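Observations on the model geometry
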Amino acid sequence: MRKECFVVEKNEKVAEDTYKMILRGNVGENLRAGQFVNIAINGLYLRRPVSIAIWRSDSLVLYYKTVGKGTALMADMVCGDEMELLIPLGNGFSRELLGGNKPVLVGGGVGVPPMIGLAEEFLKDGISPVVVLGFNSKTQVFGEKEFEELASVYGRNIDLRVATMDGSYGIKGTVVDALNRAEKEAGYLFACGPWPMLKALGALPAKGQFSLEARMACGFGACMGCTCETQNGSKRICKDGPVLLKEEIKWQIP
């Protein structure tokens, strides 16, 4: 973990209450999909954790939803504004556990961004994943263009599906409805999104890794504020997670 200063290069609204921010700064080389940054907001005591979508050695792409004062202040930032980040934080997805199974990447709402970076890692390895994105309605949909651009860059196909609960775009229903039988039973799930979505995916036979959301303070395990109980004892979502193996999650919480 390092403390670094980044400069805003772009900050734009891409869907209902959802923004895309491009930052320039010293990213480094050893990031992996599923990790996050903790952003200092001027005038506020606690930092804001945001998942990393795409990274290069000198740039980051973040997506965030305006849900409170901190993210509302982020939405007002313009090109040239500076931000202090703790980077990189958390335990990312492990592609080594995939075995010979088909990778199925599932993102719900602001759980979509980590799937963008993970899809790129698979494409670099010559593996074409299934990608399923879930939203409540058409106004919240984002990320399609990013996956399509990655597929074009790496010259491989991404089986991309979008599901909306109200049926206003793509497949009507949940992300589970968008999966076929083989994917539910023998695919390998990489997922990030709201708890009800993860719990529904957790009921499927397929193995996987899920990124959990939690309120955080420090972001690096010192305050213990995001501790949850797992099948393997207490774990800190920020330090031991946010990515946990599907089989170690206790689904009766929260």
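Provided above is the structure to which this section pertains.
Residues numbered from 1 in each chain as written. Predicted model: local features only at pLDDT ≥ 70, side-chain atom pairs only at ≥ 80, totals over all residues. Heavy atoms only, no water.

**A short note on the layout of surface pockets**
What counts is decided by this rule: Of the grid points, spaced at 1 Å and generated over the protein atoms alone, those admitting a 1.4 Å probe that cannot get out make up cavities, while open sets with protein on both sides within 12 Å along at least five of seven lines make up pockets; any residue with an atom within 4 Å of a point is treated as lining. Grid points are joined across faces, edges and corners, and a volume is the space filled by probe spheres set on the points. Secondary structure follows DSSP: runs of H or I at least 4 residues long count as helices, runs of E at least 2 residues long count as strands, and numbering of each begins at the N terminus. Only Asp, Glu, Lys and Arg are considered charged, only Ala, Val, Leu, Ile, Met, Phe, Trp, Tyr, Cys and Pro nonpolar, and every remaining residue, Gly among them, polar.
Quantified by volume, the largest pocket comes out at close to 1,400 Å³. When residues of the lining of the largest pocket are traced back to their parent elements, those giving at least two are strand E4 (48–56), strand E5 (59–65), helix H1 (69–75), strand E8 (130–135) and helix H5 (195–202). The greatest single-element share of the lining of the largest pocket, amounting to four residues, is contributed by E4. Partitioning the lining of the largest pocket into residue classes produces 24 nonpolar, 15 polar and seven charged.

**Some words on the nonpolar core**
Here is the rule we go by: Working definition of a nonpolar core: buried Ala, Val, Leu, Ile, Met, Phe, Trp, Tyr and Cys residues. They are joined through side-chain atoms within 4.5 Å. Between buried and exposed lies partly exposed: a residue is buried under 20% and exposed over 50% of the maximum accessible area for its type, with that area taken using a 1.4 Å probe on protein chains only. By the convention used here, residues are in contact when the closest approach between their heavy atoms is within 4.5 Å.
The biggest cluster of nonpolar side chains holds 53 residues, and the ones touching the most others in it are Leu23, Val37, Ile39, Leu60, Met83 and Phe147. Looking at this core element by element, the count peaks at six residues for helix H2 (residues 113–124). Apart from the residues within four sequence positions on either side, Leu23 is in contact with Phe6, Val7, Val8, Glu9, Asp58, Ser59, Leu60, Leu62, Met83 and Leu85.

**Considerations on the pattern of salt bridges**
Operational definition: By definition, a salt bridge exists where a carboxyl oxygen of Asp or Glu is found within 4 Å of a side-chain nitrogen of Lys or Arg.
Within this structure, the stated rule accounts for 15 salt bridges. Arg2 is the partner of Glu4 in a salt bridge, and the nearest nitrogen-oxygen pair spans 2.7 Å. Owing to a relative accessible area of 19%, Glu4 belongs among the buried residues under this scheme. Assessed through its relative accessible area of 27%, Arg2 is described here as partly exposed. We note a salt bridge from Glu84 to Arg47, for which the minimum N-O separation is 2.3 Å. Separated by 37 residues along the polypeptide, Glu84 in strand E6 (residues 82–89) and Arg47 in the loop between strand E3 (36–40) and E4 bring together distant segments of the chain.

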